[in-house]
Amino acid sequence: MPLDLEVIAHSLDRPLPTPNTFSQPFWDGARRHELVLQKCTECGTVRYYPRPRCPTCLSGNHEWARMSGNGFVYSFTIVHRPLARWFAEKVPLVCAVIELDEGVRMISNVEDVDLGDVSIGMRVSVKFEDVTEEITLPKFRPAPG
Amino acid sequence: MEVAIAGVGEARVGRDAGCTSWELHVEAIEAALADAGLSISDVDGLISCPSTIDDHARHHVLLAEQLGMPLKRYTDSSRVGGASSTSAVRDAVCAIQAGMAEVIVISSADSQRSSVGRADTPVIKMAHYHSLDYEIPYGPLIISLYALIAQRWMHEYNWTPEQIAEVAVSQRYNASLHPNAQVRDLISVEDVVTSKPITDPLRLLNCSLISDGGAAMVVTSAERARSLKKPPVYVHGMGNAYSYYFCWNLPDYTDYLRMLVSISADAAFAQAGIDRKDVDLAMVGDPADICTLIGIEGMRFAPPGESVDFVQGGTLRVGGGLPTNTHGGCLSYAHPGAPGQHLHLIEAVRQLRGECGERQVRDAKFAAVHGNAGVLTSHCTLILGNESR
């Protein structure tokens with residue numbers, strides 16, 4: 001079911017992704033607590049978010065490769081206002097652009113950290129939040145050590 | 001063939017229009033036609049910039065029907081977010097030059113503020129333009145995506161909140177000179193840096209307003225425009241650059257992003273055949289104040305990383321070195337979504353006609369208008385002037 005934005009705005013339901021034919025292996029990986037992204041088998045480019053063609057060489061051939069789960073904060077913002085009612089008790093939250101060591105970027109949350117300690121360049125590692133039977137969200141926390 | 005903007009109009013711009021976006025579209029178009037001294041029967045082309053509240057697969061056709069315009073030669077919708085209106089000017093110019101229409105109206109309208117009043121978070125309406133799978137589950141406001149860019153620029157160039165605040169302070173000064181601006185009270189740097197935190201590093205006064213309103217303009221051949229009621233404003237140059245859909249796919253947030261603005265601006269300046277120093281005023285799309293700064297650098301009015309220095313001392317104010325967003329922009333005049341940057345175009349036209357009273361830029365001959373959209377991923381620059389070339 002596609003998300004109904006009116007419903008998101010008003011309900012306490014959490015906005016969650018809708019896996020599709022390209023993205024299902026990504027979400028399946030997340031359910032196994034593995035960060036699995038498409039890797040082009042022609043040129044080796046890793047891509048996120050899941051898409052039918054390689055952004056570097058345009059090939060459609062790819063494998064689903066497990067990432068290290070390690071990266072750094074390329075940029076971040078501390079969100080003080082709730083996007084939807086569900087977030088009302090979650091803010092302030094850290095929304096960040098994470099650059100994985102494999103070279104791709106993703107939007108995610110950085111958790112298990114004092115808000116004042118988040119900084120650009122901070123090393124982070126993936127963690128997983130099991131939300132429903134179908135959906136697990138990859139998130140990040142400060143890298144150990 | 002030279003093409004010109006012959007009429008501009010606004011409809012109920014501000015806090016609460018009290019009507020649907022369809023009425024705003026119609027009223028804005030009627031106002032623009034009246035400004036030009038034309039009627040709907042003179043129009044053979046329509047480009048609509050669809051509303052987020054009442055979108056439709058064939059928005060332009062539905063709007064034409066509501067306008068009482070059953071037969072037209074050219075219609076389309078411009079779907080480039082905040083840059084829809086600037087892109088639509090390009091489309092209208094090309095269509096007129098190709099002989100596909102003679103008089104094209106472009107309209108933008110949205111009732112984002114009032115229509116979403118029942119939702120606890122107005123920005124939710126815009127969320128469907130972003131990724132419901134890879135962004136929204138993590139809770140960013142739309143303006144948070146701009147905050148991610150602001151944070152990176154501040155990190156790379158060591159910019160302080162106090163330096164950046166000058167943009168909002170200057171644009172508010174300009175808005176104070178406009179009788180219809182949504183907010184007109186002067187603000188200080190201190191006000192900006194202590195305003196309510198929204199999404200760090202952006203505070204309330206670093207962000208655009210949320211408004212209702214409609215905006216429209218009439219585009220026709222220069223020859224036809226010269227026979228109409230108002231002095232023509234000529235489209236001298238146009239340039240575009242479209243990149244990724246999601247800003248986090250940009251290779252980097254500084255050099256690459258600025259380059260996108262430059263690609264669009266360089267093309268527009270080259271076509272117009274003028275230099276940066278010839279520009280009397282600039283209009284820059286400003287969903288957040290950082291966008292004004294990036295636009296100024298991308299258009300090469302200031303060297304990389306130095307726009308915050310450039311704007312100090314009132315450069316952007318009416319009377320300053322490069323009066324920018326002279327109506328107040330989306331930060332202070334109004335921001336009904338996509339129509340926000342249409343209002344920038346209208347202000348440029350009014351400045352070039354010398355209609356701006358207290359906020360008039362003296363002897364204004366050339367305006368550089370930069371439209372951006374999709375968290376600074378789509379760019380369109382126009383060079384407008386009041387003399388035929």
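This is a predicted model, so every value here is computed, not measured.

The rules behind the values
Residues numbered from 1 in each chain as written. Chains lettered and ligands numbered in written order. Predicted model: local features only at pLDDT ≥ 70, side-chain atom pairs only at ≥ 80, totals over all residues. Core = buried A, V, L, I, M, F, W, Y, C linked by C-beta atoms within 7 Å. Buried ≥ 20, exposed ≤ 12 C-beta atoms within 10 Å, placed from the backbone. Contact = placed C-beta atoms within 7 Å. Helix = DSSP H or I, 4+ residues; strand = E, 2+ residues; numbered from the N terminus. Pairing = 2+ DSSP bridges. Nonpolar A, V, L, I, M, F, W, Y, C, P; charged D, E, K, R; others polar. pLDDT = per-residue confidence, 0-100. Axes fitted to C-alpha atoms, helices over the stretch in contact; angles between N-to-C directions. Parallel < 35°, antiparallel > 145°, perpendicular 65-115°, else oblique. Left-handed = near helix turned anticlockwise from the far one by under 90°. Expected span 1.5 Å × (residues − 1).

Visitor: Hey, could you run me through the nonpolar core in this one?
Guide: One broad rule of soluble globular proteins: the nonpolar side chains tend to lie buried together. Ile104, Tyr146, Val218 and Val219 of chain B are the most contacted members of the largest nonpolar core, which totals 159 residues. Setting aside residues no more than four positions away along its own chain, valine 218 of chain B makes contact with Ile5, Ala6, Gly7, Ala32, Leu33, Ala36, Leu38, Val103 and Val105 of chain B.

Visitor: Can you help me understand helix 10 (residues 289-298) of chain B in this one?
Guide: The periodicity of an α-helix, 3.6 residues per turn, causes residues three or four positions apart to be oriented the same way. Buried residues dominate helix 10 of chain B, accounting for 10 of its 10 residues. If you check which residues of helix 10 of chain B are buried, you get Asp289, Ile290, Cys291, Thr292, Leu293, Ile294, Gly295, Ile296, Glu297 and Gly298 of chain B.

Visitor: So what exactly am I meant to see when it comes to the sheet that holds strand 1 (residues 36-40) of chain A here?
Guide: Whether parallel or antiparallel, the strands of a sheet pair through hydrogen bonds between backbone atoms. All names here are of chain A. Spatially, 3 strands are ordered 2-1-3 in an open sheet, and the strand pairing comes out antiparallel. If you trace the sheet from one side to the other, it starts and ends with strand 2 (46-47) and strand 3 (62-66), each paired once. Of the pairings in the sheet, the one linking strand 1 to strand 2 comprises 2 bridges and is antiparallel in character. In the strand pairing of strand 2, glutamine 38 is matched with arginine 47.

Visitor: Just to check I follow, could you spell out the interface of chain A and chain B for this structure?
Guide: Accessible area lost when the parts come together is the quantity often used to give the size of an interface. At the interface, 33 residues of chain A touch 30 residues of chain B. Of all the secondary-structure elements, those providing two or more residues to the side of chain A that touches chain B are helix 1 (5-10), strand 4 (70-79), strand 5 (93-100) and strand 6 (105-109) of chain A. Per-element accounting of the side of chain A that touches chain B gives the leading share, 5 residues, to strand 4 of chain A. Residue composition of the side of chain A that touches chain B, by class: 21 nonpolar, 8 polar and 4 charged.

Visitor: How should I be thinking about the confidence of the model for chain A in this particular structure?
Guide: For residues with low pLDDT, the predicted coordinates do not support detailed interpretation. Confidence along chain A averages 92 in pLDDT terms, with 92% of residues attaining 70 or more. For the stretch residues 1-8 of chain A, pLDDT sits under 50, and the model shows 13 contacts to residues farther than four places along the chain or on other chains.

Visitor: I'm lost on the sheet that holds strand 10 (residues 366-373) of chain B in this one. Help?
Guide: Residue and element names in this part refer to chain B. Here 9 strands make up an open sheet; going across it, the order is 3-2-4-7-1-8-11-10-9 and the pairing mixed. If you trace the sheet from one side to the other, it starts and ends with strand 3 (74-77) and strand 9 (281-284), each paired once. Neighbour to neighbour, the strand axes of the sheet diverge by 20° on average, direction disregarded. Where strand 2 (residues 45-49) lies against strand 4 (residues 103-111), 5 bridges are found, and the strand directions are parallel. When the sheet's bridge partners are listed, leucine 46 is paired in strand 4 with valine 105. Packing against the sheet, helix 2 (residues 59-67) makes contact with strand 2 and strand 3, and its axis sits at approximately 115° to strand 2. Across the sheet, helix 3 (residues 84-97) touches strand 1 (3-14), strand 2, strand 3, strand 4, strand 7 (212-221), strand 8 (233-242), strand 10 and strand 11 (378-385), and the angle it forms with strand 4 is around 165°.

Visitor: Would you explain the packing of helix 9 (residues 255-272) of chain B against helix 10 of chain B in this entry?
Guide: Each pair of packed helices can be described by the angle between their axes along with the distance between the axes. All names here are of chain B. Between helix 9 and helix 10, the least distance of the axes is 8 Å, while the angle of their chain directions is 55°. Considering the angle they form, helix 9 stands oblique to helix 10. The element helix 9 and its partner helix 10 pack so that their crossing is right-handed. Contacts from Leu257, Arg258, Val261, Ser262 and Ala265 in helix 9 reach Ile294, Gly295, Glu297 and Gly298 in helix 10. The class makeup of the residues in the contact of helix 9 with helix 10 is 4 nonpolar, 3 polar and 2 charged.

Visitor: For this particular structure, what's the right way to read helix 9 of chain B?
Guide: Residues and elements named next belong to chain B. Compared with an ideal rise of 1.5 Å per residue, which puts 18 residues at 26 Å, helix 9 spans 25 Å between its outermost C-alpha atoms and is within 8% of the ideal. Where helix 9 is concerned, the buried positions are Leu257, Arg258, Leu260, Val261, Ser262, Ser264, Ala265, Ala268, Phe269 and Ala272. The inward-facing, buried residues of helix 9 contact strand 8, helix 10, strand 10 and strand 11. Where helix 9 terminates, the next one or two residues include glycine 273, which has phi positive at roughly 70°.

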